[in-house]
Protein chains: 4
Amino acid sequence: MHFLLSNDDGYLSEGLSVLAEALGTLGRVTVVAPDRDRSGASNSLTLTRPLRATQMPNGYIRVDGTPTDCVHLALTGLLENEPDMVIAGINHGANLGDDVLYSGTVAAAMEGRFLGLPAIAVSSTSFQPAHLEAAASAMLGIIRRLCDDPLPRDTILSVNVPDRPLTELKGFQATRLGNRHRAEGMLKTTDPRGRSIYWVGQAGPEQDAGPGTDFHAINHDYVSVTPIKVDLTRHEAVEHLQEWLLTCPI
Amino acid sequence: MHFLLSNDDGYLSEGLSVLAEALGTLGRVTVVAPDRDRSGASNSLTLTRPLRATQMPNGYIRVDGTPTDCVHLALTGLLENEPDMVIAGINHGANLGDDVLYSGTVAAAMEGRFLGLPAIAVSSTSFQPAHLEAAASAMLGIIRRLCDDPLPRDTILSVNVPDRPLTELKGFQATRLGNRHRAEGMLKTTDPRGRSIYWVGQAGPEQDAGPGTDFHAINHDYVSVTPIKVDLTRHEAVEHLQEWLLTCPI
Amino acid sequence: MHFLLSNDDGYLSEGLSVLAEALGTLGRVTVVAPDRDRSGASNSLTLTRPLRATQMPNGYIRVDGTPTDCVHLALTGLLENEPDMVIAGINHGANLGDDVLYSGTVAAAMEGRFLGLPAIAVSSTSFQPAHLEAAASAMLGIIRRLCDDPLPRDTILSVNVPDRPLTELKGFQATRLGNRHRAEGMLKTTDPRGRSIYWVGQAGPEQDAGPGTDFHAINHDYVSVTPIKVDLTRHEAVEHLQEWLLTCPI
Amino acid sequence: MHFLLSNDDGYLSEGLSVLAEALGTLGRVTVVAPDRDRSGASNSLTLTRPLRATQMPNGYIRVDGTPTDCVHLALTGLLENEPDMVIAGINHGANLGDDVLYSGTVAAAMEGRFLGLPAIAVSSTSFQPAHLEAAASAMLGIIRRLCDDPLPRDTILSVNVPDRPLTELKGFQATRLGNRHRAEGMLKTTDPRGRSIYWVGQAGPEQDAGPGTDFHAINHDYVSVTPIKVDLTRHEAVEHLQEWLLTCPI
């Protein structure tokens, strides 16, 4: 088993190194990760400039690009041997509900899937996680199960692990993405030279967080496992849309 | 009717100004767009630095951020009056199949929907479009129809218009996203100082492009209209995943 | 006469366009300027990525790089016809005393000189200048004089013009750079996510600003003209340093 | 003795860590360095966004800014105890002649001097130096000499050390900056999407490289020590300029 491991917190993240070590017990691990924090990068690809890839003393390869760039480069020519699976994480901070749309961690997994490999993203619910080993251990459980009994190839998993000791985790739960209330307003302020600047506000609080959602699982100390799709078509709407368009003259 | 208009090619794009003018015949238009080309930005949000917004002589507001940043700022405090609808485009270049995942244009529309507004993204199939007026005209048709007969609020539309004179467009087609063959390999080369650099390769050619897909509609001179979803859950997989996880010990 | 005109405020700056128009009365003007505000860029050159140059509808060429990049590209191959002189400005805001070290405007002129051409940088003392025409007019006076009676080729001039009506300017004064008190402390604050961030503080107030300095000239409504050198050697110190090093064993 | 150490190659540079260790034998060392390669940054200061400073496991502080930003932040509030001297390097690659104008290494030293401290920049002549210990050793010699017999406070030194074993270095030489032939033309090429891109060309070969210059010292296996000035006024030209301006009407 050969894992490609990436993340969006950057190659120096503790979550990355803890997971790299854990995966090492299952097979070979190649780390290709951003050279700095790229949280919020979503699926962005760098098209306007070339990228640089540098092998660090510990063997990790850092790239001056996004998580998607990292996985894309790795799978389209940078690595001599193609990996068998793409893993992204352990992210510091949850990726729940609408967060997934912006997440560089989930995007790294998507890019792996898009290029033909099974892929899993994993996040700890804390920005300063104290129990990364528990999250890594939960991941090993899922990966071992995957090896025995593969999921359909087009299923990406987004895993969120409560930041708790392993013994306090109650098990796995398959979930759907909940959603948040609207984000907080942007913050308008001024720089030291008196010019207006704007910060993107915080994500909103949970809104749709009932049973079955990822929020609910996490809040009850379960590891949340959400199947994610890469096809963004709203298939159930196509037929009605076709009718609707009939009376739309060009 | 008050439109928020954005794009990912930047505020100087001709596609943007042609659409702004066309929308002006239907209502008020506020343009908030990136200060430069941000193609490939996907849904990325700028969280590590503040943004600046500058009103240009023609009234457009340019922001030194991503398309998602532009729509987010506009709807969470920058604009005094909340718009009624978010429009993104006209993008120079198609957004078909897997492109949608990386597209900043579609992301701008998603952000509008995410913050509660109906939203449409529109792209011309050419990188140097000669018939932007035709694309703008097709958009006006869709928007007028929407005003008469609204679609469910959670439906974003991604519209692709063949770069042809209006008289050569055969009508609208509701489509699903097709997909492309795997992207071309990255390009490895060296900079003038002899160091290795890597360019992300071209998108692959069409793979799943049969009847019903956006590729097929475009190739037959129809305007392709694809309903896009923001919820990334693969709902049909949740139940099976729950069973699968039962035998996965933590 | 063919002028290469650049600046550090970006190609949309009013100071740039006012000066371009004024120079047009003396000869041909080619504008190559940064695509955004690059104040504080000093002599920085972009070596790690390629640059893009785009001709705008008004004929200006914008480059996604520093002022030094702009002049460097223009003079090493971008322009078909080599200019006769490099002009940078009109900068919005003074470049006095120690500011010069950080100034992208003065750096653009330095790069012109470095590549063999006479060069002048010009700044208005106001960040929101109301009398750019007066500054442009003063520049025309200097350039006409230069054409009649050239200065030694290795002399760059840095011109600072008080932001006043032409009739209130008392004339030109040759000056030396004064200097400022130490800059204000950096500003420590937190971003909306609670993480520490630091802003570079304001430049300090005038310290050495007596007669003969650029500060003094400006404060008395004179146009300050300072000869700037590109050779950074402290020639008068070399001999003593050689003696000093004699007792420094390797 | 408390040293502030910075560079422009980034905090992971081997030249930086070798020098940090050597300085540790003379006193306390605080490292504040850019988070990535910022070669060519000159004296640029980051004014449009805030900076972030992160303490690494080895105690180094990395900053997402330029070398000048690093020294500026460190001396205007980031460090609790003000250092006694600023050292920049060991740069991988020479800073000779005109290079100095663009060098981030020399700029870091300038910023130290500008904020009131003695300052030295040091570079190895090789981009992949094999004898960093020799360069560090030469620096210790200079610093010890400085402690015994200080130079005038406004003298910055730029030191260039041939990349050779210590026993093959012939001693120190006080030098003036030589200069290079005009830089090579820019390189025009296209990106994978067919759009024109431009790379800044290589620095030109030596031109003024005779006895007394830094080039000459290096070429003869001496450590070159050049006194650098921060005052950019061309003092000897002020008087003539004043006369010249007399006949320049405003």
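Keep in mind the model is a prediction, meaning the values are calculated, not measured. (Residues numbered from 1 in each chain as written. Chains lettered and ligands numbered in written order. Predicted model: local features only at pLDDT ≥ 70, side-chain atom pairs only at ≥ 80, totals over all residues. Heavy atoms only, no water.)

> Just give me the short version of the relation of the copies chain C and chain A, but keep the residues and values in it.
Overlaying chain C with chain A gives an RMSD of 0.0 Å, the required rotation being 180° about an axis along which the chain moves by 0.0 Å. Here the symmetry operator amounts to a two-fold rotation axis. For chain C, the minimum C-alpha distance to the rotation axis belongs to C:Arg49 and amounts to 3.2 Å. Here 100% of the contact residues of chain C are again contact residues in chain A; the copies associate through an equivalent surface. (Least-squares fit on C-alpha atoms with pLDDT ≥ 70 in both. Contact = heavy atoms within 4.5 Å.)

> Describe in detail helix α4 (residues 104-114) of chain A, supporting the description with residues and values.
Residues and elements named next belong to chain A. Of all 11 residues making up α4, 10 are buried, and the element is well covered by its neighbours. Inspection of α4 places Gly104, Thr105, Val106, Ala107, Ala108, Ala109, Met110, Glu111, Gly112 and Arg113 among the buried residues, and these make up the whole buried set. Between a side-chain oxygen at the N-terminus of α4 and the backbone nitrogen of threonine 105 the separation is 3.1 Å; the capping residue is serine 103. (Buried < 20%, exposed > 50% of the residue type's maximum accessible area, 1.4 Å probe, protein only. Helix = DSSP H or I, 4+ residues; strand = E, 2+ residues; numbered from the N terminus. Polar contact = N/O pair within 3.5 Å; in protein donor to acceptor, adjacent residues only side chain to side chain.)

> Let's hear about the interface of chain A and chain B: which residues, and what values?
In many analyses, interface size is given as the accessible surface area lost on bringing the parts together. Counting residues at the interface gives 88 residues for chain A and 88 residues for chain B. Of all residues in chain A, A:Leu232, A:Trp244 and A:Ile250 give up the largest surface area on contact with chain B, accounting jointly for 11% of the area buried on that side. A salt bridge links B:Arg52 to A:Asp191; the nearest nitrogen and oxygen atoms lie 3.0 Å apart. Inspection of the chain A/chain B interface yields 31 residue pairs in polar contact (both at pLDDT 80 or more). Of all the secondary structure elements, the ones that give two or more residues to the side of chain A that touches chain B are α2 (67-78), α3 (99-102), α4, α5 (132-148), β8 (172-174), β11 (196-199), β13 (223-228) and α7 (238-246) of chain A. Counting residues per element, the side of chain A that touches chain B draws most heavily on α2(A), at eight residues. When its residues are assigned to classes, the side of chain A that touches chain B shows 45 nonpolar, 25 polar and 18 charged. (Buried area = accessible area lost by both parts, 1.4 Å probe. Salt bridge = Lys/Arg side-chain N within 4 Å of Asp/Glu carboxyl O. Nonpolar A, V, L, I, M, F, W, Y, C, P; charged D, E, K, R; others polar.)

> Can you explain the sheet that holds strand β3 (residues 53-55) of chain A? Please cite residues and give values.
Residues and elements named next belong to chain A. Taken together, the nine strands give an open sheet; going across it, the order is β3-β4-β2-β1-β5-β6-β7-β13-β8, and neighbouring strands pair in mixed fashion. One side of each edge strand has no neighbouring strand; the edge strands of this open sheet are β3 and β8. When strand polarity is set aside, the average angle formed by the axes of neighbouring strands in this sheet is 25°. Where strand β6 (residues 119-124) meets strand β7 (residues 156-161), five bridges bridge the pair, whose relative direction is parallel. Among the inter-strand pairings, alanine 121 is bridged to a residue of β7, identified as serine 158. The strands touched by α5 are β1 (2-6), β5 (85-92), β6, β7, β8 and β13; relative to β5, the strand with the most contacts, the crossing angle is about 160°. (Pairing = 2+ DSSP bridges. Axes fitted to C-alpha atoms, helices over the stretch in contact; angles between N-to-C directions.)

> Just give me the short version of the relation of the copies chain A and chain B, but keep the residues and values in it.
Note on the copies: chain A fits chain B at an RMSD of 0.0 Å, the axial shift is 0.0 Å, and the rotation between them is 180°. A symmetric contact is evident, with 100% of the interface residues of chain A recurring at the interface of chain B.

> How would you sum up the pairing of strand β7 (residues 156-161) of chain D? Please name residues and give values.
Residues and elements named next belong to chain D. Of all the six residues making up β7, six are buried; the element is thus mostly covered by neighbouring parts of the structure. Residues Ile156, Ser158 and Asn160 point to one face of β7 and Leu157, Val159 and Val161 to the other, with burial holding for every one of them. For the crossover from strand β6 (residues 119-124) across helix α5 (residues 132-148) to β7, the handedness is left-handed. Bridging between β7 and strand β13 (residues 223-228) involves five bridges; their strand directions are antiparallel. If you follow isoleucine 156 over to β13, its bridge partner there is isoleucine 228. (Right-handed = clockwise from strand over helix to strand, strands pointing away.)

> Could you give an account of the UniProt feature "domain: Survival protein SurE-like phosphatase/nucleotidase" (unreviewed entry) in chain A, naming the residues involved and the relevant values?
Here, UniProt's "domain: Survival protein SurE-like phosphatase/nucleotidase" (unreviewed entry) annotation points to residues 4-182 of chain A. Structurally, residues 4-182 of chain A is divided into 30% helix and 23% strand, and its ends, taken at the C-alpha atoms, are 35 Å apart. (UniProt positions renumbered as here; feature names shortened; annotations may be inferred.)

> Tell me about the interface of chain C and chain A, and name the residues and values.
Listed by partner, the interface residues are 16 residues for chain C and 16 residues for chain A. Taken over both partners, the interface formed by chain C and chain A buries close to 1,200 Å², and the fraction arising from carbon and sulfur atoms is 54%. Of all residues in chain C, the largest losses of buried area upon contact with chain A belong to C:Pro192, C:Arg193 and C:Trp199, amounting jointly to 42% of the total for that side. Counting across the interface, chain C meets chain A through zero salt bridges. Partitioning the side of chain C that touches chain A into residue classes produces seven nonpolar, three polar and six charged.

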